[in-house]
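Chains, contacts and geometry: an overview
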Amino acid sequence: MPENRKGSSSSKTKRRSAKPSPPGQQFSAQAIERVRGRGDGQASTYLTEEESRALRYGTRYAPASVVRKALSRWTDLIWAGGEAEEAGARQHAVRAPTSQTPVFKSPYAGTDYATMTQADSELLRYLLIKAVGRFCQFWSRSLMKSCEVEGSGIMRDAIMGRDEGQALITVSNHASSIDDPFVTSVLVPDEALEGEGAFRWPSAQEAGPGSIDDAVNSNKVRWVMCATDRCFKSKLASSFFKAVQALPVERGSGLNQPSMRVASKLLSRGGWVHVFPEGTRSTTGELLKMKVGVGQLVVNVLRDLRSEHQRGENQRSRTPMIVPYYHEGMGDLLGKGMKFPKVGTSLRVVVGDPIEIEDLVRSFESGRLTEREVRIGVLRRVETALHQLKRKSEDADYLVTYNDPNLYSQAGAGAGAYRERDDVASGMEAVRGMWGRLRPLAVLAALEREGDRGAKALTGL
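Everything in this summary refers to the structure shown in the same document. Residue indices follow the written sequence of each chain, beginning from 1 at its first position. Selection of residues for local features in this predicted model requires a pLDDT of at least 70, selection of side-chain atom pairs for listing and counting requires 80 or more, and totals for whole chains, interfaces and linings are taken over all residues. To obtain the side-chain values, all non-hydrogen atoms of the structure were included, while hydrogens and water were left out.

1. Concerning the sheet that holds strand S4 (residues 246–249)
Quick reminder of the rule: Being paired, for any two strands, means DSSP has found at least two bridges between them. Working definition: helices are DSSP H or I runs of at least four residues, strands are E runs of at least two. Numbering for both runs from the N terminus. An axis is simply a line fitted to the C-alpha atoms; with a helix, the fit covers only the stretch in contact. Between two such axes, the angle follows the N-to-C directions and lies from 0 to 180 degrees. The contact criterion used throughout is that any non-hydrogen atoms of two residues lie within 4.5 Å.
As summarised here, the arrangement of the seven strands in space is S1-S7-S6-S2-S5-S3-S4, forming an open sheet in which the pairing is mixed. Looking at the sheet topology across the chains shown, the edges are occupied by strand S1 (146–150) and S4. Across the sheet, the axes of successive neighbouring strands diverge by a mean angle of 25 degrees, strand direction being ignored. Across four bridges, strand S2 (residues 168–172) lies against strand S5 (residues 272–275) in parallel orientation. When the sheet's bridge partners are listed, Thr170 is paired in S5 with His274. In this fold helix H8 (residues 152–160) packs onto S1, S2, S5, strand S6 (321–328) and strand S7 (346–351), with an angle of close to 145 degrees to the strand it touches most, S6. This element, helix H17 (residues 371–394), spans S1, S2, S6 and S7 of the sheet and lies at about 35 degrees to S6.

This is the structure in structure tokens:
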């Protein structure tokens, strides 16, 4: 037993002396705290745990050779670029366990175009859409303190006057579970529901098995994306939301889920789909991080129209129309956590001009932009538009510029004032930012401790 204690003491001494810290290559405690305070934990997404800690704590944690190796791999990740490097970084990453909830798959939501768009009764659909729309209009006119709409003519032209067969995508912020249909009902002109062709009944051919083909969709009544865990939990709820033209979206199922394909098919036929780019409701009044789904819808429409053109079919307008609007006050009417709507609130809606994406469409058709680049470009412009419309709702004199071509010309056709923060792009951007902050701090810390000798040692890593 005494020998074992002696051996144990000896091994501890060896471990303590196995990692010497050369005096010219230490980070000061202040520099380390400054780096840690920046919250740059995303580096572990692309580096192993050992490499990440070596970068964070320097030679106090690991020998200089380990720090040097970690710096070398980090530099390669930043500057090499390309899919191969990103895939390699993801492969070697040590990811923390996530707390994502499992995907809710409703047995009543449907799995294809027919089962998602077909209502139990077309007459029920007609009556429900009109009843819900009229009730929301009555509430906005009679039970609200004020309801202001700026740019209603833009919405009217988009719904009633766009080219035949042209897809319409509307995007807005998300603050309440009744943003749609409430705000939509305020914006939709009466003739969209009352005019000739607002709803058309299925012909004998369409009424046959498997051939419903837009039995009621006249392209003047919107379809909206709705989460399955909120709207499709029961058979009764599913029947209601299908009747009012809601498409079931499974949170966490990605861009290729059935509802995205169905929405793309509706748009390819000239339909109107409303999208909440944030994906969930904001409880603070601030715009949340926006998701790339709206860009994917545009890509899908362009892909379908290109296939249609290759088959020699009639050429329609190839550029989907994207109309943004920002509303303020829905959180007071029925915000997150509220069970009943509140009487006497105010609502203000600002509708913006259609977002210009013609340059993205031309570049995609000519092969100069990939689908991913178009997807990102569309999202950046949508995000820019909604942020500017929010500013305009707060300041009537604010001038929106999201359709200014110079706004996107500096960094290519897809760039904008607000950048997409998808998994790979946001992680690499965080890595670049951390690198830019860590290296100067390390040099300054070395200068504080060791003078010029320490600075040269660190810059030589």
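More follows now that the structure is in view.
2. Overview of the pattern of salt bridges
Here is the rule: When a carboxyl oxygen of Asp or Glu lies within 4 Å of a side-chain nitrogen of Lys or Arg, that pair is called a salt bridge. Accessibility here uses a 1.4 Å probe with only protein chains present; expressed as a share of the type maximum, an area under 20% marks a residue as buried, one over 50% as exposed, and anything in between as partly exposed.
Evaluation of the coordinates by the stated rule reveals 12 salt bridges. The salt bridge partner of Glu122 is Arg125, with a shortest N-O separation of 3.8 Å. Of the two residues, Glu122 and Arg125 are both situated in helix H7 (residues 122–142); the distance of three residues between them amounts to about one turn of the helix. Of the two residues, Glu122 and Arg125, both sit in the buried class. The closest approach of N and O atoms between Arg251 and Asp229, which form a salt bridge, is 3.1 Å. Residue Arg251 is found in the loop between S4 and helix H13 (258–268), and its partner Asp229 is found in helix H11 (residues 228–231); the two are separated by 22 residues along the sequence. Classification of Arg251 by relative accessible area gives partly exposed; the value is 37%. On the accessibility criterion, Asp229 (26% relative accessible area) is partly exposed. Salt bridges linked by common partners bring Glu148, Glu150, Arg348 and Lys392 together as one network.

3. Quick word on the nonpolar core
Selection rule: Put simply, buried Ala, Val, Leu, Ile, Met, Phe, Trp, Tyr and Cys residues joined by side-chain atoms within 4.5 Å make one nonpolar core.
The biggest cluster of nonpolar side chains holds 44 residues, and the ones touching the most others in it are Ile169, Met225, Val275, Ile322 and Val382. Listed in part, the 23 residues of the second largest apolar core include Cys136, Trp139, Val183 and Val323.

4. Here we look at H7
It helps to recall that an α-helix has 3.6 residues per turn; residues three or four apart then point in one direction. Stated formally: Here the expected length of a helix is defined as 1.5 Å per residue gap, with one fewer gap than residues. By the criterion applied in these results, polar contacts are pairs of N or O atoms within 3.5 Å in which, for protein atoms, one can donate a hydrogen and the other can accept it, and in which residues neighboring in sequence qualify only through two side-chain atoms.
With 21 residues, H7 should cover 30 Å at 1.5 Å per step; its first-to-last C-alpha distance of 30 Å lies within 8% of that length. Within the span of H7, buried status applies to Glu122, Arg125, Leu128, Ile129, Lys130, Gly133, Cys136, Gln137, Trp139 and Ser140. Put simply, Ser121 is the residue that caps the front of H7, since its side-chain oxygen is 3.3 Å from the backbone nitrogen of Leu123.

5. A few points about the state of the cysteines
Any covalent bond linking the sulfur atoms of two cysteines counts as a disulfide. Inclusion rule: When the sulfur atoms of two cysteines come within 2.5 Å, that pair is taken as a disulfide.
The final tally for this structure, using the stated rule, is one disulfide. Disulfide partner of Cys226: Cys231, at an S-S distance of 2.0 Å.

6. A few points about the side chain of Asn300
In this fold, Asn300 is placed in helix H14 (residues 293–310). Once residues within four sequence positions are removed from consideration, Asn300 is found in contact with Met260 and Ser264.

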